[in-house]
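Residue-level listing of the chains:
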Amino acid sequence: MQKDFHFYVTYFLATRAGITEAPAQKIAWACQFTDELQDPDDYDIQTQSGLLGNWVDRQIQLTVLIAFHFIPGDNSGWVVEHNSSRVRKLVELATGNDIQLGIALHTLQDSFSHESFSGWHEDTNACFPWYDIRGFPPSVGHAEMIVVPDIISQTWTDPRTGKVRDNRIMALEAARVTYSYLQKFSNNEPDLWGGIEPELSKAFSISYYDDRKQAIINLCQNTDIRYSKVHENLLPKYRDVFVIAAKEHLGRAMLLCANIGSKPKI
Amino acid sequence: MNENNDFTQSTSESAKQKALDAIDKSNAYGIIKEILDRHG
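Note that residues are indexed from 1 along each chain, following the sequence as it is written. Chains carry letters and ligands carry numbers; both start at the beginning, A for chains and 1 for ligands, and go up in the order they are written. Only residues with pLDDT of at least 70 are given local features in this predicted model, and only at 80 or more are side-chain atom pairs given and counted; all residues enter the totals for whole chains, interfaces and linings. Excluding hydrogens and water, the side-chain figures rest on all heavy atoms present in the structure.

> Requested: an account of helix 1 (residues 3-16) of chain A, with residues and values cited.
Residue and element names in this part refer to chain A. Working definition: helices are DSSP H or I runs of at least four residues, strands are E runs of at least two. Numbering for both runs from the N terminus. In this scheme, a helix's expected span is set at 1.5 Å multiplied by one less than its residue total. In this model helix 1 runs 19 Å from its N-terminal to its C-terminal C-alpha over 14 residues, within 8% of the 20 Å that 1.5 Å per residue would give. To get the bend at a residue, fit one axis to the 7 residues ending there and another to the 7 starting there, then take the angle between the axes. The sharpest bend along helix 1 reaches about 30° and sits at V9. Three exposure classes are used, based on accessible area relative to the maximum for each residue type with a 1.4 Å probe and protein chains only: buried under 20%, partly exposed in between, and exposed over 50%. Within helix 1, 11 of the 14 residues are buried, which leaves it mostly tucked inside the rest of the structure. Within helix 1, burial applies to D4, F5, H6, F7, Y8, V9, T10, Y11, F12, L13 and A14. G18, located one to two residues past helix 1, shows a positive phi value of around 95°.

> Give a description of the pattern of salt bridges that names residues and reports values.
Residue and element names in this part refer to chain A. Whenever a carboxyl oxygen of Asp or Glu lies within 4 Å of a side-chain nitrogen of Lys or Arg, that contact is scored as a salt bridge. Applying the stated criterion to the full structure yields 11 salt bridges over all chains. Note that R212 is salt-bridged to D4, the shortest N-O span being 2.8 Å. You can see R212 sitting in helix 9 (residues 209-219) and its partner D4 sitting in helix 1, a full 208 residues away along the chain. A residue is classified by how much of its surface remains accessible, and D4, at 0% relative accessible area, is buried. Of the charged contacts, one joins R176 and E173 as a salt bridge, the two residues approaching to 2.7 Å between their closest N and O atoms. With R176 and E173 both in helix 7 (residues 167-185) and 3 residues apart, this pair spans about one turn of that helix. Connected via shared salt-bridge partners are D158, R160 and R165.

The following block contains the structure:
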């Protein structure tokens with residue numbers, strides 16, 4: 001997923017779930033910041049790797065990509081399955097802490113967009129043959145498909161299976177599950193999903209990113225919400241809290257992956 | 001919502017120590033090494 005979902009949709013859903021402004025912003029900020037903490041020298045941990053070159057590093061694959069973006073599913077080794085028992089466990093363990101919940105929701109949301117890919121460098125992620133220029137990136141995660149799986153308005157054909165994947169449907173389901181957890185977090189406010197779904201469905205069908213983001217903002221009660229402002233406000237206050245929460249998430253993710261045994265092919 | 005859900009804001013050093021304690025407690029380093037040994 002991208003910022004339109006990780007931050008703006010999460011914030012929108014949090015407020016609709018009855019969570020007040022400050023914690024809603026914290027949850028959504030942590031959810032998005034998980035994609036931005038890329039420099040371990042600055043933070044003593046990294047939750048994303050922006051340099052494709054680092055993606056071939058086994059440790060980056062395990063402690064960054066798998067732990068935060070490609071949590072394995074229940075049935076296919078290290079391959080991601082949406083809303084798997086492992087990712088649900090991560091969210092449940094994080095409930096009670098805004099920042100931890102935001103990080104865990106990021107991993108949950110990515111379990112939808114990254115479904116059928118794994119965080120390792122392995123054949124299962126190879127979308128194109130060796131002689132095709134599109135197969136140039138390493139077969140790690142969805143690198144060969146670039147950002148296509150993460151664009152919530154996109155419909156695309158998975159070259160590995162020939163099947164059409166409609167990201168709008170995937171994103172709506174990710175939103176529904178995110179909302180159900182936020183609702184639980186806010187002590188089970190009335191279920192408003194029936195009204196929320198058509199609003200989000202309309203926004204998710206907008207192809208141009210900026211227009212889609214604005215449509216999501218327009219659904220919020222606070223239409224002044226902007227990630228840049230929230231980030232500027234929260235980073236100095238919660239940087240250390242985020243680092244602790246990320247390390248706890250990493251520890252839990254590794255525990256949940258400890259019993260997976262199949263060996264990648266590359 | 002409880003505004004006190006998060007850890008209280010702390011200094012960088014104590015936060016780092018807490019983070020190290022948290023990750024040590026979970027034995028994440030041991031598990032990471034074990035998985036990497038298996039899949040390296």
